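Residue-level listing of the chains:
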Amino acid sequence: MDRFFGFDLGDAESAVARLHKEDQVTPEMLTIVGEQSFITAYAQLSSGEFLIGEKACYADGAVKRKLRFKSKFLTDSTVVNDVKSFAGGVLGELYGSGDLIKNEDCSFYIGCPAGWDKNTREHYREIFESVGYPPAKIISESRAAMVSACQSKHLQVGLDILSKPVLVVDIGSSTTDFAYIMGGKEVEMQTTGEVVLGGGLMDEILLEESVESANPLFRRKIRNTLEESEPWRTYCEFAARRLKEKYFSDEEYWSTHECKESVLIQYNLPAKLTLTMDKNIASKLVNKKLDKLGGKSFKDVFIAALMDVKENISGAQPELIFLTGGVSKLPAIRDWCGSVFADAIVIAGAEPEFSVARGLAYCGRIDEDMREFKADLNEFTSSTKIEEIVRSHITQLYKDAVDTLIEPILTKVAMPIFDRWRNGEIRRLEDTDVELQKGVEAYIKSDEARELLAGPITSWLKPVADDLEEYTVPICVNHRVPYTALSFKSYLSASDIDIKVDARNIFAVEEMTWLIDSLVTVIVGLIIAAIDTVPFLAGPEGVIVGVIASAVILILGKDKMEEKLLEADIPNAMRRLIPKSTFKSRMDNMSSSVKQSFYESLEQDKNEEITNRMVDEISSQIEQTLIKMAEVVEIPLG
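Here's a quick rundown of the structure. (Residues numbered from 1 in each chain as written. Predicted model: local features only at pLDDT ≥ 70, side-chain atom pairs only at ≥ 80, totals over all residues. Heavy atoms only, no water.)

## Describing the packing of helix α6 (residues 216-228) against helix α7 (residues 230-249)
Here α6 crosses α7 at 110°, and the two axes come no closer than 5 Å. When the axis of α6 is compared with that of α7, the two are roughly perpendicular. On α7, the residues touching Thr225, Leu226 and Glu228 of α6 are Glu230, Trp232, Arg233 and Cys236. (Axes fitted to C-alpha atoms, helices over the stretch in contact; angles between N-to-C directions. Helix = DSSP H or I, 4+ residues; strand = E, 2+ residues; numbered from the N terminus. Parallel < 35°, antiparallel > 145°, perpendicular 65-115°, else oblique. Contact = heavy atoms within 4.5 Å.)

Written out as structure tokens, the structure reads:
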């Protein structure tokens, strides 16, 4: 895709942004019917002309006129036709101005409330497709607003948004939308995510207060006009909305200056309505009890909604509250959020009228980057590079494993078997071979041995990670993804290490037969070596054994003697002449010799098929880990 359009179709006002794939700047806000933020309204005139935007609100000769229909999308099936008509009008304006070119390689990202489920979003997407839009995707407006803030570097709050919980509060004209975002991904809450509470209620209060303050000569006429004409009432509410937002954008300034706006109502006889905002009216907007809210105020319902969201967040409580929407700059809103989420930072987005449209356009480019990023990663994981890296380090892994396992095996396997032979439970030394085979195999299977391997294998993975980053860092950089997204080093040093290359399962016993065979050979030799110490024992029995052993050596030679010892059923009395402490001392002293013997066996006897299986298994787990790490990359900060 070369260009990405973000279409924020709001209940009151709409906006369209455009971003080129290679642009490093803020998405361009497109002008539709003369405005970058235009009223969500359409009208079909008796002349056949089709209008959208402000003119559609009051144009004469309208045979059909619709305003503020999106908020009814879930409850009124006829609204589908209204969305089609308005969306078609916007599409026509884009083609007419040349901002959109037929058959160009582009896509549309269209906003919806966070509370809409997957089926509703797909139904909404199909509406735009039926009108003739290029490929479209539906994105939560809350997430889009946050993406916009992240990409524009607005969220400079010292918070790692990719790993911390964030609550986005989008206060629209008809509804307030809540989205819980964890680790850059939107998480479904147990609530619907949406509350029927919007800035439009404040607009109605401001309009009513202004009508009450109007010249008595015009007051009744204005009131009758607003009751009889929905288009003019809606238009006046839009004017009130803009004045309200103007006031709250710099409340301190307007505390010493007049904040007014005049509307000339052209209905039957013209009448002038003056809208006024001041401190007293600002207080009424949030504190006035309304029948629509069950006798509660905007403040009451908003705080109750925050409390409900807090109770229904199953994960960690948010560390950042991000406010967006027309009312988000109202200082009281931040105070209320702070009162419910006392430990969270509260921040409002800049230019709320454009943040969603820009965020949607950013989402398009991010998705394209992610698609190409994952394609490049898939090409890397499908190559032989990972296997080559693992193979180049595999010998060190074997040695690290041996260094970790030898002493525990000598202590927890060899010593008990020696005790059993010494006590006569094992009659011949050659029988210890079988017992050691079983004992070593059982120990390697044990949780204790597998847990012992976790540390050295984690350490072993770090140089592997260094080699991997020669390939993964360029992939990340090329697609504007933080290079740490595929960093095994940061992954392994995290406080909550969960090693995906599972150290406890990395050595299957059947793949370690050469290790077991080598250890058994060395340990049996160690027992024979311990018997060799008998001639030096004190006491007459030791002397007798020494004489016998010397004679055997002279007659058969040392190798033959060891063979006879392996087959001999040595009397228990003679076995007990070998002190346990002597065997243990010799075993401790020979630990390094055992390891060296094993290293030699490793080079000579290691089975290439087993090594290949080890390399394939480890490489496969690394590949799967990289894929899983890539899946959580959702909102790069740019």
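## Notes on the packing of aromatic side chains
To describe a pair of aromatic rings, one takes the distance between the centres and the angle between the planes. Within this structure, the stated rule accounts for 20 aromatic pairs. Look at Tyr42 and Phe69: their rings are 6.0 Å apart centre to centre, the planes differ by 65°, and that puts the pair in the edge-to-face class. A residue pair is termed long-range when its members are at least 10 positions apart, and Tyr42 in strand β5 (residues 41-45) and Phe69 in the loop between β7 (62-67) and α2 (79-97) qualify at 27 residues. Classification of Tyr42 by relative accessible area gives buried; the value is 1%. Look at Phe69 and you get buried, because its relative accessible area is 2%. Between Phe302 and Trp336, the aromatic rings sit 5.7 Å apart at their centres with planes inclined by 50°, giving tilted as the arrangement. You can see Phe302 sitting in helix α10 (residues 298-311) and its partner Trp336 sitting in helix α11 (residues 331-340), a full 34 residues away along the chain. Residue Phe302 is classed as buried on the basis of its relative accessible area of 0%. (Phe/Tyr/Trp six-rings, centres within 6.5 Å; stacked < 30°, edge-to-face > 60°. Buried < 20%, exposed > 50% of the residue type's maximum accessible area, 1.4 Å probe, protein only.)

## Re the environment of Ser339
Mapped onto the secondary structure, Ser339 falls in helix α11. By relative accessible area, which is 52% here, Ser339 ends up exposed. As a C-alpha pair, Ser339 and Met307 span 32 residues in sequence and 9.9 Å in three-dimensional space. Separated by 2.6 Å, the side chain of Ser339 and the backbone oxygen of Trp336 make a polar contact. (Polar contact = N/O pair within 3.5 Å; in protein donor to acceptor, adjacent residues only side chain to side chain.)

## Describing helix α15 (residues 447-478)
For an α-helix, 3.6 residues make a turn, and residues three or four places apart therefore share a direction. Of all bends in α15, the biggest is about 45°, found at Glu469. Among the residues trailing α15, Arg480 stands out with phi positive, at a value near 60°. (Bend = angle between axes of the 7 residues up to and from the residue.)

## Comments concerning the nonpolar core
One finds Ile622 and Leu626 to be the most contacted residues of the largest nonpolar core, which totals 71 residues. It is helix α13 (residues 385-422) that contributes the most residues to this core, 13 residues altogether. Listed in part, the 66 residues of the second largest apolar core include Leu207, Met277, Leu285 and Val286. (Core = buried A, V, L, I, M, F, W, Y, C linked by side-chain atoms within 4.5 Å.)

## Let's talk about the sheet that holds β7
As summarised here, the arrangement of the three strands in space is β6-β5-β7, forming an open sheet in which the pairing is antiparallel. Edge positions in the sheet fall to β6 (50-52) and β7, since each has one partner strand and no second. Averaged over all pairs of adjacent strands, the angle between their axes in this sheet comes to 10°, without regard to strand direction. The pairing of β5 with β6 spans three bridges and is antiparallel. Pairing of Ala43 across the sheet is with Leu51, part of β6. Where α2 meets the sheet, it contacts β5, β6 and β7, and its direction lies at approximately 90° from that of β6. (Pairing = 2+ DSSP bridges.)

## Quick notes on helix α9 (residues 279-287)
Here α9 has its buried residues at Ile281, Ala282, Leu285 and Val286. Projection of α9 onto a plane perpendicular to its axis shows the buried side chains occupying an angular sector of 135°, all on one side. Buried residues along α9 sit against α5 (199-212), α7, β15 (269-277), α10 and α11. Here α9 starts with a cap whose side-chain oxygen sits 3.1 Å from the backbone nitrogen of Asn280, and that cap is Asp278. (Arc of directions from axis to C-beta.)

## Considerations on the pairing of strand β2 (residues 13-20)
Among the eight residues of β2, seven are classified as buried, and the element is accordingly described as predominantly covered. Where strand β1 (residues 3-9) lies against β2, seven bridges are found, and the strand directions are antiparallel. Paired with Phe5 across the two strands is Arg18, which belongs to β2. Adjacent in sequence and paired antiparallel, β1 and β2 are bridged by three residues. Inspection of the sheet shows β2 paired to strand β4 (residues 38-39) by two bridges, in the antiparallel sense. Each residue of the ladder has a partner; that of Glu13, found in β4, is Ile39. Taken together, the two bridges between β2 and strand β3 (residues 28-29) define a ladder with antiparallel strand orientation. Among the inter-strand pairings, Arg18 is bridged to a residue of β3, identified as Glu28.

## Comments concerning the environment of Met29
By the element assignment, Met29 lies in strand β3. We classify Met29 as buried; its relative accessible area is 7%. The spatial distance from the C-alpha of Met29 to the C-alpha of Ala15 is 7.5 Å, given a sequence separation of 14 residues. In contact with Met29, not counting residues within four places along its chain, are Ala15, Val16, Ala17, Gln36, Phe354, Ala357 and Arg358.

## Some points on empty space enclosed by the protein
The tally for this structure, following the rule as stated, stands at two cavities of 30 Å³ or more. Looking at the second largest cavity, its volume works out to about 40 Å³. Contributing to the lining of the second largest cavity are Ile171, Gly172, Ser173, Gly199, Gly200, Asp203, Arg241, Lys244, Glu245, Gly326 and Val327. Among the elements of the structure, α5 and α7 are those that each provide at least two residues to the lining of the second largest cavity. (1 Å grid on protein atoms, 1.4 Å probe; cavity = no way out; pocket = protein on both sides within 12 Å on 5 of 7 lines; lining within 4 Å. Points joined across faces, edges and corners; volume = space filled by probe spheres on them.)

## Some points on the environment of Asp367
Tracing the sequence through the fold places Asp367 in helix α12 (residues 352-382). Setting aside anything within four residues of it in sequence, one finds Asp367 in contact with Tyr109 and Lys137.

In short, geometric facts, not functional conclusions.
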